[in-house]
Amino acid sequence: MKKTAALALALVIGAALAGCSGGASEATQAKPSETAASSPATNLTTVPDIAGKPFADAKAALASAGLTISIVGPDGTPWTTLEPGPQVAAVSTDPSAGSETDAKTIKMVVDTTEVDQQIMNDAIAAAEGAVDSANTAASEAAAAAEAAAAAAASAAANSGK
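Everything numeric here is computed off the predicted structure, so don't read it as measured data.

A.B. asks: For this particular structure, what's the right way to read the overall build of the protein?
C.D. replies: A count of helical and extended segments in the protein gives 4 helices and 5 strands. Beginning at the N terminus, the succession of helices and strands in the protein can be written as α-α-β-α-β-β-β-β-α. Taken across its 161 residues, the protein has 16% of its residues classed as buried. Surface summary for the protein: the accessible area is close to 10,700 Å², and the carbon and sulfur share equals 63%.

Right under this line is the structure:
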């Protein structure tokens, strides 16, 4: 009876161990569909180096790599309403140049804050307004001088009669 009980116990332990090793094997083996879905290597994009480029060129380089951007000033403040002008240059990206990412939108750090861009835009608009006013004043002065010259010529012609 002891041999039968020992044999039965050995069979139960053996079956349990065989079940455990089979279960562990299944648990550690990934199914092909799970491996493909969780592998980020298939959708990675290498971030181009845009440091020092004018904003428009940097944005175009990132767009050609399939990336969109969120713009951040040198102080870390995000730009929310304006697009950087031609005088703004790219400083870096996050993730950094040369790294691979599965993100579609990355941060581009530029050398100017959005507030400074607005001040620049206002100064440019004021300068353009001043130029327009000066051009208008010059045109009006030229017309007045022409009229005065015509009046003087007429007066000289009439005084000689």
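A.B. asks: So what exactly am I meant to see when it comes to helix α3 (residues 55-64) here?
C.D. replies: One full turn of an α-helix is made of 3.6 residues, so residues set three or four places apart face in the same direction. Those residues of α3 that fall on the buried side of the exposure criterion are Phe 55, Ala 58, Ala 61 and Leu 62. Seen end-on, α3 carries its buried residues on one side only, within an arc spanning 130 degrees. For α3, the exposed residues set more than 90 degrees away from the buried face come down to Ala 56 and Ser 64. Buried-residue contacts for α3 involve β2 (68-72), β3 (90-94) and β5 (105-110). Phi turns positive, to about 85 degrees, at Gly 66, one or two residues after α3.

A.B. asks: Help me understand the pattern of salt bridges, please; the structure alone is not making it clear to me.
C.D. replies: Oppositely charged side chains can pair when the atoms bearing their charge come close. In this structure the tally under the stated criterion is 1 salt bridge. Across the pair Glu 83 and Lys 59 runs a salt bridge, and its minimum N-O distance is 3.2 Å. With Glu 83 in the loop between β2 and β3 and Lys 59 in helix α3, the pair connects residues that are 24 residues apart, well separated along the chain. Judged by relative accessible area, which is 35%, Lys 59 ranks as partly exposed.

A.B. asks: Is there a simple way to explain the environment of Ile 69 in this structure?
C.D. replies: As for its position among the elements, Ile 69 is in strand β2. For the pair formed by Ile 69 and Val 109, sequence separation is 40 residues and the distance between their alpha carbons is 9.7 Å.

A.B. asks: Would you mind going over the sheet that holds β2 with me for this structure?
C.D. replies: Think of a sheet as strands paired side by side through backbone hydrogen bonds, with each pair either parallel or antiparallel. Spatial strand order, β2-β5-β3: 3 strands in an open sheet with mixed pairing. The open sheet is flanked by β2 and β3, the only strands paired with a single partner. For this sheet, the mean inter-axis angle between neighbouring strands, taken without regard to orientation, is 35 degrees. Alignment of β3 against β5, held across 4 bridges, turns out to be antiparallel. Paired with Asp 94 across the two strands is Lys 107, which belongs to β5. Against the sheet, α3 contacts β2, β3 and β5, and its axis sits at roughly 160 degrees relative to β5.

A.B. asks: Would you mind showing me how to read unusual backbone geometry here?
C.D. replies: Note: most residues except glycine have negative phi, and most peptide bonds are trans. Cis rather than trans, the peptide bond between Asp 94 and Pro 95 has omega equal to 10 degrees. Relative to the assigned elements, Pro 95 resides in the loop between β3 and β4 (100-101).

A.B. asks: Please explain the side chain of Thr 101 as it appears in this structure.
C.D. replies: Along the polypeptide, Thr 101 turns up in strand β4. Residue classification places Thr 101 among the buried positions, given a relative accessible area of 9%. Here the side chain of Thr 101 touches Ala 103 through a polar contact of 3.0 Å, landing on its backbone nitrogen. The residues touching Thr 101, leaving out its near neighbours within four places in the chain, are Asn 43, Leu 44, Thr 45, Val 47, Leu 67, Pro 95 and Ile 106.

Calculation criteria
- Residues numbered from 1 in each chain as written.
- Predicted model: local features only at pLDDT ≥ 70, side-chain atom pairs only at ≥ 80, totals over all residues.
- Heavy atoms only, no water.
- Helix = DSSP H or I, 4+ residues; strand = E, 2+ residues; numbered from the N terminus.
- Buried < 20%, exposed > 50% of the residue type's maximum accessible area, 1.4 Å probe, protein only.
- Areas by Shrake-Rupley, 256 points an atom, 1.4 Å probe, with all protein chains shown as cover.
- Arc of directions from axis to C-beta.
- Contact = heavy atoms within 4.5 Å.
- Salt bridge = Lys/Arg side-chain N within 4 Å of Asp/Glu carboxyl O.
- Pairing = 2+ DSSP bridges.
- Axes fitted to C-alpha atoms, helices over the stretch in contact; angles between N-to-C directions.
- Polar contact = N/O pair within 3.5 Å; in protein donor to acceptor, adjacent residues only side chain to side chain.

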